[in-house]
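Next come the chains, spelled out residue by residue.
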Amino acid sequence: MPESHTYTHGNEPFSIRTAVSSDGDALAELDRDTWSTLHAVTPKPQPPYSPFFDDRHRPEDFLVAETAGGPGPVGYLRLVPPTPLACNTHVRQIQGLAVADRARGKGVARGLLRAAFAAARAEGANRMTLRVLGHNTPARALYESEGFVVEGVLPGEFFLHGRYVDDVMMGRSLDR
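Thresholds, definitions, all that
Residues numbered from 1 in each chain as written. Predicted model: local features only at pLDDT ≥ 70, side-chain atom pairs only at ≥ 80, totals over all residues. Heavy atoms only, no water. Helix = DSSP H or I, 4+ residues; strand = E, 2+ residues; numbered from the N terminus. Buried < 20%, exposed > 50% of the residue type's maximum accessible area, 1.4 Å probe, protein only. Arc of directions from axis to C-beta. Contact = heavy atoms within 4.5 Å. Core = buried A, V, L, I, M, F, W, Y, C linked by side-chain atoms within 4.5 Å.

Visitor: Quick one: what's the story with the environment of Pro-138, residue by residue and with numbers?
Guide: When you line up the elements, Pro-138 lands in helix α3 (residues 137-145). Residue classification places Pro-138 among the exposed residues on the basis of a relative accessible area of 55%. Separated by 100 residues in sequence, Pro-138 and Leu-38 have C-alpha atoms that sit 9.4 Å apart.

Visitor: Tell me about helix α1 (residues 24-33), and please be specific about residues and values.
Guide: Restricting attention to buried positions, one finds in α1 the residues Gly-24, Leu-27, Ala-28 and Leu-30. Angularly, the buried residues of α1 cover 160° about the axis, an arc narrow enough to put them on a single face. Along α1, the residues that are exposed and aim more than 90 degrees away from the buried face are Asp-25 and Asp-33. Packing partners of the buried residues in α1 comprise β3 (62-67), β4 (73-80) and β5 (91-99).

Visitor: Quick one: what's the story with the nonpolar core, residue by residue and with numbers?
Guide: Ile-94, Val-108, Leu-113, Met-128, Tyr-143 and Phe-148 are the most contacted members of the largest nonpolar core, which has 29 residues in total. Those elements that place two or more of their residues in this core are β2 (12-18), β3, β4, β5, α2 (108-122), β6 (127-133), α3 and β8 (163-173). The biggest single contributor to this core is α2, with eight residues. Leu-30, Val-64, Ala-98 and Ala-100 belong to the second-largest nonpolar core, a separate cluster that totals 11 residues.

Shown next, in the form of structure tokens:
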């Protein structure tokens, strides 16, 4: 069983652990349930659904948040090296973060971020990056409150739902 860490926000504790292959169906359902034009650059998933885990999306790349009361995961974060190049093995990149509606505002996303910082440091990383859509104000505010800063903007990088949307690159040091 993967190592688990418990966090508490308000009265509801939740734990964060590394995903296992049996989490695939539940994480896929969470992913579909949280799909939104606020953050998605791909169309809304439609059946038949692809497996959540594949060669590029391995269970060990995901942190999973769960509450004691269940049912199922209430959030996940995907943390990976941004490239296979040896020259940037010191960097980890967040490539997906989702929190179930029932767990929003309870510190789950913040807990996942902090667990990702610890996991990245444990792997020897000293920097973390991510990309977020320019109009995703809630996510940008969360990331900024956790030390991320805007390091670049690709104006109009995506054409989503009839309008151009900026792609914002953010990063932070893990030295603190």
